[in-house]
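Spelled out from the first residue to the last, the chains are:
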Amino acid sequence: MVVKTKVIKLNPLDIDQEVINQAATIIKKGGLVAFPTETVYGLGADALNPKAVEKIFEVKKRPHYDPLIVHIPTPECLSEMAREVNKVILDLTAAFWPGPLTLVVKKAQHIPDVVTANLDTVAIRMPAHPVALALLKTAATPIAAPSANLFGRASPVSAEHVLQDLQDKIELILDAGKTDVGVESTILDVTQRPFRILRPGGITIEALRAVVADIVSYQGNQVLSPGMFKRHYSPKARLVLAYGRGLSEVESVKHLASEFAKQGYLVGIMAKEENRHCYNGSFNVKVFGSEKDLSSCAVNLYSILREFDKENTQIIIAETVKEEGLGVAIMDRLRRAAARTSE
Ligand code: TXA
Ligand code: MG
C-alpha cells in the first residue's frame, strides 16, 4: 500500500489534542501510527484488530513468529490483558509503570494470536511518554507496537529515523523529538518463579531486585524470547567491537581502524567521551557518551549507528562499556548489531 507519510510535530509538554484525535482515528480504523515512547519510537496498531496488526508485520518485514508488545494507558488495564495478576506483579507495576519495563504474562483469551505469535503469553507495557499515553487514552484500545524500524535494523529514536525506514509505508508519524532512554524496555517473564529477564533494557536488574528478590539475570546465550535474534539492531556498515580498557582499548581501536583503512574501507570510530582526545583528528570519531553516565551512551547508540550509515561508512569500530547497570543492555545491543549471521 502506498500512502504519503505525514509527520506532525508535538510538544510533549503541551500536547495538541486535535493531533492526538487524528492519530487515534487512524488506529481505530485499522491503520498504523508511529509514536514516541520514552525508549524508542513504536509502530502502533489496534492490538484487538488482527488485520491492523497484520499490517505491522508487512510494513516492517517482520517474521510472524516474533511477537509484539501491547501498550496500555494505565496499570489497571493489565488485568484485562492477563489471566492472572498476583501481588508481586502488582508490586512491579507500582514501582516501574509508567516506564521501560515490559511484563510477559499469561494472555487473556481475547488477544489475537497474531499479536503473540500463537504463544499462550503476552508482553505488556505502560509507556512513560506523554504522547504515547495521550494516544492510548484517546484511542481507548490497547496498542500493539514494535520498534518502528525495518526488521533487523537499529531502533528509531527520532521521527527522522522512522522516516528513513518507513517513509510512505505508514500514514502518520507523531514527532516529539528524540526519545529519553534510547534503548528498548527490559522484558521480564513473570509467568513463573523465579522471574526471568528475557531482554535487558531501560530498567536494570538491580532496580528490579530491589522490588522482587528472586529475579534471574539475562542469559545472552539462551533464546528464551522468540524475537531475540543473534543479529539485530544492525547498521548497514559492518560493526566491529574493540574490547579492553583504557589505553589497551584505544590501541586496539586504532589498530583495527588502521588495518581496515589500509584495505581501502571508509572507517568510523564510536568512542567514549573519556577517550575522545586519544584519536586527535586522524579518524572520523563520534562520541556516544561517557563511561561515568551510561544513560548518555544508551541515548546516542542507535543515532550514531544511523549517522555512520548516512555517511556511507563501511566499517564502524566501536568501543565497549562495562556490563553493569544499563551497560548490560548497551552491550547486548552492540553485540547483536555486530553479529554477522542471524543463527
Ligand atoms: O521499548 C520497547 O519495548 C519498544 C517500545 C516501542 O515500546 N518496543 C519494542 O518492541 O522494543 P519490539 O517488537 O522491537 O521488541 C519486542 C520483543 C520481541 O522481539 C520479543 O522478543 C518480545 O518482545 N516478546 C513479545 N512478546 C513476547 C512473549 N509473549 N514472550 C516472550 N517475548 C516476547
Ligand atoms: Mg525491535
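Residues numbered from 1 in each chain as written. Chains lettered and ligands numbered in written order. Predicted model: local features only at pLDDT ≥ 70, side-chain atom pairs only at ≥ 80, totals over all residues. Heavy atoms only, no water.

> Outline the site of ligand 1, listing residues and values.
In the vicinity of ligand 1, 27 residues are found, and the nearest of them are Thr39, Asp66, His71, Ser185 and Ser225. Within the side chain of histidine 71, one N or O atom sits 2.7 Å away from an oxygen atom of ligand 1. Within the side chain of serine 147, a nitrogen or oxygen atom sits 3.0 Å from an oxygen atom of ligand 1. Coverage of ligand 1 by the protein chains reaches 97% of its 680 Å² of free accessible surface. Among the secondary structure elements, those contributing two or more residues to the shell around ligand 1 are strand E4 (69-71), strand E6 (121-125) and strand E10 (195-199). In terms of residue count, the dominant contributor to the shell around ligand 1 is E6 (4 residues). (Near = heavy atom within 4 Å. Polar contact = N/O pair within 3.5 Å; in protein donor to acceptor, adjacent residues only side chain to side chain. Areas by Shrake-Rupley, 256 points an atom, 1.4 Å probe, with all protein chains shown as cover. Helix = DSSP H or I, 4+ residues; strand = E, 2+ residues; numbered from the N terminus.)

> Pulling in residues and values, what's your account of helix H10 (residues 294-310)?
In a regular helix each residue adds 1.5 Å, so 17 residues correspond to 24 Å; H10 covers 25 Å between its end C-alpha atoms and thus fits that length. Of all the bends in H10, the greatest measures close to 40 degrees and is centred on asparagine 300. At the C-terminal side of H10, asparagine 312 shows a positive phi close to 60 degrees. (Expected span 1.5 Å × (residues − 1). Bend = angle between axes of the 7 residues up to and from the residue.)

> Lay out the packing of H10 against helix H11 (residues 327-338) in plain terms, naming residues and giving numbers.
At a minimum axis separation of 9 Å, H10 and H11 run at an interaxial angle of 20 degrees. The orientation of H10 relative to H11 falls into the category roughly parallel. Note that H10 runs across H11; the crossing there is left-handed. Across the interface between the two elements, Leu294, Cys297, Ala298, Leu301, Tyr302 and Leu305 of H10 pack against Gly327, Ile330, Arg333, Leu334 and Ala337 of H11. For the contact of H10 with H11, the residue count by class is 9 nonpolar, 1 polar and 1 charged. (Axes fitted to C-alpha atoms, helices over the stretch in contact; angles between N-to-C directions. Parallel < 35°, antiparallel > 145°, perpendicular 65-115°, else oblique. Left-handed = near helix turned anticlockwise from the far one by under 90°. Contact = heavy atoms within 4.5 Å. Nonpolar A, V, L, I, M, F, W, Y, C, P; charged D, E, K, R; others polar.)

> Pulling in residues and values, what's your account of the domain arrangement of the protein?
Under the domain assignment used here, the protein contains domain 1 (6-217) and domain 2 (238-338). Here the C-alpha centre of domain 2 lies 29 Å away from the C-alpha centre of domain 1. Of the residues lining the interface, 24 residues belong to domain 1; the matching set on domain 2 comes to 16 residues. Counting each side, the surface lost to burial between domain 1 and domain 2 is near 1,500 Å², with a carbon and sulfur contribution of 53%. On inspection of domain 1 and its partner domain 2, the count reaches 4 salt bridges. Arginine 333 is the salt-bridge partner of glutamate 184, the closest N and O atoms lying 2.8 Å from each other. When residues in the side of domain 1 that touches domain 2 are grouped by element, the largest group, 4 residues, is from helix H7 (residues 159-166). Classifying every residue of the side of domain 1 that touches domain 2 gives 7 nonpolar, 9 polar and 8 charged. (Domains from an automatic or database assignment. Buried area = accessible area lost by both parts, 1.4 Å probe. Salt bridge = Lys/Arg side-chain N within 4 Å of Asp/Glu carboxyl O.)

> Outline the packing of aromatic side chains, supporting the account with residue identities and numerical values.
Two descriptors summarise a pair of aromatic rings, namely the distance from one centre to the other and the angle between the planes of the rings. In the structure shown here, the tally under the stated rule is 2 aromatic pairs. Judged by centre distance (6.0 Å) and plane angle (70 degrees), the ring pair of phenylalanine 260 and tyrosine 265 falls under edge-to-face. Judged by relative accessible area, which is 37%, tyrosine 265 ranks as partly exposed. We note arginine 193 situated over the ring of phenylalanine 195; from NZ or CZ to the ring centre the distance is 4.7 Å. Between lysine 286 and the ring centre of phenylalanine 308, over which it is positioned, the NZ or CZ distance is 5.1 Å. (Phe/Tyr/Trp six-rings, centres within 6.5 Å; stacked < 30°, edge-to-face > 60°. Buried < 20%, exposed > 50% of the residue type's maximum accessible area, 1.4 Å probe, protein only. Lys NZ or Arg CZ within 6 Å of the ring centre and 35° of its normal.)

> How would you sum up the environment of alanine 123? Please name residues and give values.
Considering the arrangement of structural elements, one finds alanine 123 in strand E6. When the C-alpha positions of alanine 123 and isoleucine 69 are compared, they lie 4.9 Å apart, and in sequence the two are 54 residues distant.

> Tell me about the pattern of salt bridges, and name the residues and values.
A full pass over the atoms with the stated rule returns 23 salt bridges. Two residues, lysine 262 and glutamate 259, come together in a salt bridge whose shortest N-O distance is 3.2 Å. Of this pair, lysine 262 and glutamate 259 both sit in helix H9 (residues 246-262), 3 residues apart, roughly one helical turn. For lysine 262, a relative accessible area of 66% gives the class exposed. The shortest N-O distance in the salt bridge between lysine 286 and glutamate 311 comes to 2.7 Å.

> Before we move on, could you go through unusual backbone geometry and cite the residues and values that matter?
A negative phi holds for most residues other than glycine; trans holds for most peptide bonds. For the bond running from tryptophan 97 to proline 98, omega is -5 degrees, close enough to zero to count as cis. Locating proline 98 in the fold gives a position in the loop between helix H4 (87-96) and strand E5 (101-106). The phi torsion at tyrosine 233 lies on the positive side, around 55 degrees, for a residue other than glycine. In this structure, tyrosine 233 sits in the loop between strand E11 (215-216) and strand E12 (238-241). You will see that asparagine 312, though not glycine, has its phi angle at about 60 degrees, which is positive. Residue placement: asparagine 312 occurs in the loop between H10 and strand E15 (315-318).

> Which residues make up the state of the cysteines, and what are the values?
Under the defined criterion, the tally for this structure stands at 0 disulfides. In this structure cysteine 278 is not part of a disulfide, and its nearest cysteine sulfur, from cysteine 297, lies 15 Å away. Overall, cysteine 278 belongs to the buried group, its relative accessible area being 16%. (Disulfide = S-S within 2.5 Å.)

> Any details on the pairing of strand E9 (residues 186-189)? Residues and values, ideally.
The side-chain alternation of E9 yields two buried faces, one formed by Thr186 and Leu188 and the other by Ile187 and Asp189. Here 4 bridges tie E5 to E9, and the two strands are oriented parallel to one another. Residue pairing across strands places leucine 101 opposite threonine 186, the latter belonging to E9. With 3 bridges connecting them, E9 and E10 associate as antiparallel partners. Of the residues in E10, the one forming a bridge with leucine 188 is isoleucine 197. Connecting E9 to the antiparallel partner E10 that follows it, the hairpin turn spans 5 residues. (Pairing = 2+ DSSP bridges.)

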